Amino acid sequence: MRTLGVEEEFLLVTPEGRPQPVATTVLRHASTTGRAAGDEPGGNLEKEFKQEQIETSTPPRADLGELVAEIRAGRIRTDEVARQAGARIAALATAPQVVESSVLPDRRAHTIRAEFGATARDQLTCGCHVHVSIEDEEEGVRILDHLRPWNAVLLALSGNSPSWQGTATGYASYRSQVWGRWPTAGPTAPFGDAAGYHAVIDELLGTGAILDEGMVYFDARLSSRYPTVEVRVADVCLDAEDAALQAALVRGLAESAVGDPVSQPRTELLRAATWRAARSGLTGDLVSPLTGKPLPAAEVVAQLVEHVRPALAEAGDLEWVERQVATVLRRGNGAIQQLGWRAEGADDDEVVRRAVDRTLAP
């Protein structure tokens, strides 16, 4: 069975709920407790681009129940270390307040800030990245091409960023709109094979528009560190089990890709589908990957589950996925939950404080 790993990026916030630039201090505390970045995947705290955020990851797991436990444990460990710096963690894909974020004291980060201007200045965004193991790069590229029409549905399920710089955006995932400003972000054309994939990377590097391969920000890519496909389209999920749902669906799609060639929609259509998913999330229509036409979000999510049903059943994940999908559709993704708190009278700081509680909920 393919193994899965989940990377999550979190906001670092004060106990009162304001973003706090303490990543360097958090990482220093992590290094003294054996929780700094190491050579083996999973279980470590790692730097991100900004001082107001931190990243953690799970070890690779084949069993979905074990993965859920690892996600929860990673969140708790990260919050424990953050507390040593006077901070908490919040699984929010954007901060609701007006924030002037700061980059890490790192040469590469400062180079990116200088080169990319306002795009880099605005990038206080947090995502959820799923790694699924592959036999080799040829299989990995088949999976990447198969994922293309379904990535927007994963984004809709994860939407968790309705606010930006003190305003309501009208989007379920405004993070994806901010993230999409990078020159390599978003959907890609089919690669065909590993040689085609690497040719695209080489050509992108040749343009000078990105600094290095680490700035290949496709919705899904071959990992440069591990023998995995890395699916990067999702917002960080408010609820730990929603992050595991992303992983289960990605594994289902990976298994469905093997020996199952599909027609490939044009990238322009995928960009439109991704925008639709970011805009309305689970509260309106999504673009069906099967027909290219709008349908209610619940119907398109059902199409995804049906598409991967045999793979989910084979992995023993089907019952759990069906139950978790029903939960998400009933209570909403993170964006819907945040908007519900607003309707109850929560201001920006209160939204963040409630998000801290949800991030660490058992």
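(A) Broad picture of helix 1 (residues 23-32). Every buried residue belonging to helix 1 is among Ala23, Val26, Leu27 and Ala30, and all of these are buried. Along the axis of helix 1, the buried residues cluster in a sector spanning 95 degrees; they form a single face. In this structure, the buried residues of helix 1 make contact with strand 1 (4-13), strand 2 (45-46), strand 3 (53-57) and helix 2 (64-84).

(B) Looking closely at the packing of aromatic side chains. Enumeration over the complete set of coordinates arrives at 11 aromatic pairs. Their ring planes at 65 degrees and their centres at 5.6 Å tell us that Trp182 and Tyr217 sit as a pair that is edge-to-face. Taken together, the positions of Trp182 in the loop between helix 6 (174-179) and helix 7 (194-207) and Tyr217 in the loop between helix 7 and strand 8 (220-222) put the pair 35 residues apart, joining distant regions of the chain. Note on accessibility: Trp182 and Tyr217 belong to one class, buried. An aromatic cluster is present here, built from Phe49, Phe116, Trp179, Trp182 and Tyr217 joined pairwise through their rings. Across from the ring centre of Tyr171, 5.5 Å away, lies the NZ or CZ of Arg279, which sits over that ring.

(C) The pairing of strand 9 (residues 228-235), seen in detail. Of all 8 residues making up strand 9, 8 are buried, and the element is well covered by its neighbours. Sheet topology note: the strand 8/strand 9 ladder contains 3 bridges and is antiparallel. When the sheet's bridge partners are listed, Ala220 is paired in strand 9 with Val231. With antiparallel pairing between neighbouring strands as the criterion, strand 8 and strand 9 make up a hairpin whose turn holds 5 residues.

(D) Main features of the nonpolar core. Counting 78 residues, the largest nonpolar core has Trp182 and Val229 as the members making the most contacts within it. When residues in this core are grouped by element, the largest group, 11 residues, is from helix 8 (residues 240-257). Counting residues in hydrophobic clusters, the runner-up holds 33 residues, among them Leu27, Ala95, Leu238 and Val356.

(E) Summary view of the side chain of His129. Topologically, His129 is positioned in strand 5 (residues 127-133). A distance of 3.5 Å separates a polar atom in the side chain of His129 from a polar atom in the side chain of Glu230. Not counting the four nearest positions on each side in its chain, His129 is found in contact with Gly5, Val6, Glu7, Glu9, Glu230, Val231 and Arg232.

(F) Seen up close, helix 13 (residues 348-359). An ideal rise of 1.5 Å per residue puts 16 Å on 12 residues; helix 13 measures up with 16 Å between its terminal C-alpha atoms. Every buried residue of helix 13 is accounted for by Val351, Val352, Ala355, Val356 and Thr359. Here the buried residues of helix 13 occupy an arc of 145 degrees about the axis, which is enough to place them on one side. Contacts made by the buried residues of helix 13 are with strand 1, helix 2, strand 4 (88-90) and helix 12 (334-343).

(G) How the structure looks around the packing of helix 5 (residues 151-158) against helix 9 (residues 267-280). Between helix 5 and helix 9, whose axes approach to 8 Å, the crossing angle comes to 10 degrees. Between helix 5 and helix 9, the interaxial angle falls into the category roughly parallel. When helix 5 is examined against helix 9, the residues Ala152, Leu155 and Ala156 are found in contact with a partner set consisting of Ala273, Thr274, Ala277 and Ala278. Grouping the constituent residues of the contact of helix 5 with helix 9 by class yields 6 nonpolar, 1 polar and no charged.

(H) How the structure looks around unusual backbone geometry. Positive phi, close to 50 degrees, is recorded for Gln165, a residue that is not glycine. By secondary structure assignment, the location of Gln165 is in the loop between strand 6 (163-164) and strand 7 (167-168). Taking relative accessible area as the criterion, Gln165 reaches 27% and is therefore assigned partly exposed.

(I) Looking closely at the packing of helix 1 against helix 2. Look at helix 1 against helix 2: their axes get within 8 Å of each other, and the N-to-C directions meet at 110 degrees. One finds that helix 1 runs roughly perpendicular with respect to helix 2. When the axes of helix 1 and helix 2 are compared, the crossing they make is right-handed. Contact residues: Val26, His29 and Ala30 in helix 1; Val81, Ala82 and Gln84 in helix 2. For the contact of helix 1 with helix 2, the residue count by class is 4 nonpolar, 2 polar and no charged.

Conventions and cut-offs
- By convention here, each chain's residues receive numbers from 1 onward along its written sequence.
- pLDDT decides what is reported in this predicted model: residues at 70 or higher carry local features, side-chain atom pairs at 80 or more are listed and counted, and totals for whole chains, interfaces and linings draw on all residues regardless.
- The side-chain figures draw on all heavy atoms in the structure; neither hydrogens nor water molecules are used.
- We call a residue buried when its accessible area falls under 20% of the maximum for its residue type, exposed when it is over 50%, and partly exposed in between, using a 1.4 Å probe and counting protein chains only.
- A run of DSSP states H or I qualifies as a helix once it reaches four residues; a run of E qualifies as a strand once it reaches two. Both are numbered from the N-terminal end.
- Here the arc refers to the set of directions running from the helix axis out to each C-beta atom.
- Here, residues are in contact when the closest pair of their heavy atoms is within 4.5 Å.
- Ring pairs are drawn from Phe, Tyr and Trp, using the six-membered ring of Trp, whenever the two centres fall within 6.5 Å, and their geometry is named by plane angle: stacked under 30 degrees, edge-to-face over 60, tilted for the rest.
- Placement of a positive charge over a ring is assigned whenever Lys NZ or Arg CZ falls within 6 Å of the ring centre and within 35 degrees of the normal to the ring plane.
- Two strands qualify as a pair provided DSSP detects at least 2 bridges between them.
- For the purposes of this section, nonpolar cores are sets of buried Ala, Val, Leu, Ile, Met, Phe, Trp, Tyr and Cys residues that join through side-chain atoms within 4.5 Å.
- Here a polar contact is recorded for every N or O atom pair within 3.5 Å, except that within protein the pair must consist of a potential hydrogen donor and a potential acceptor, and residues adjacent in sequence are included only if both atoms are side-chain atoms.
- An expected span of 1.5 Å times one less than the residue number is assigned to each helix.
- Interaxial angles span 0 to 180 degrees and are taken between N-to-C directions of axes, which are lines fitted to C-alpha atoms, for helices over the stretch in contact.
- Roughly parallel covers angles under 35 degrees, roughly antiparallel covers those over 145, roughly perpendicular covers 65 to 115, and oblique covers all other angles.
- Each residue is assigned to one class: nonpolar for Ala, Val, Leu, Ile, Met, Phe, Trp, Tyr, Cys and Pro, charged for Asp, Glu, Lys and Arg, and polar for all the others, Gly among them.
- Helix crossings fall into two classes, left-handed where the near helix is turned counterclockwise from the far one by less than a right angle and right-handed where it is turned clockwise.

By themselves, these observations are geometric and do not establish any function.
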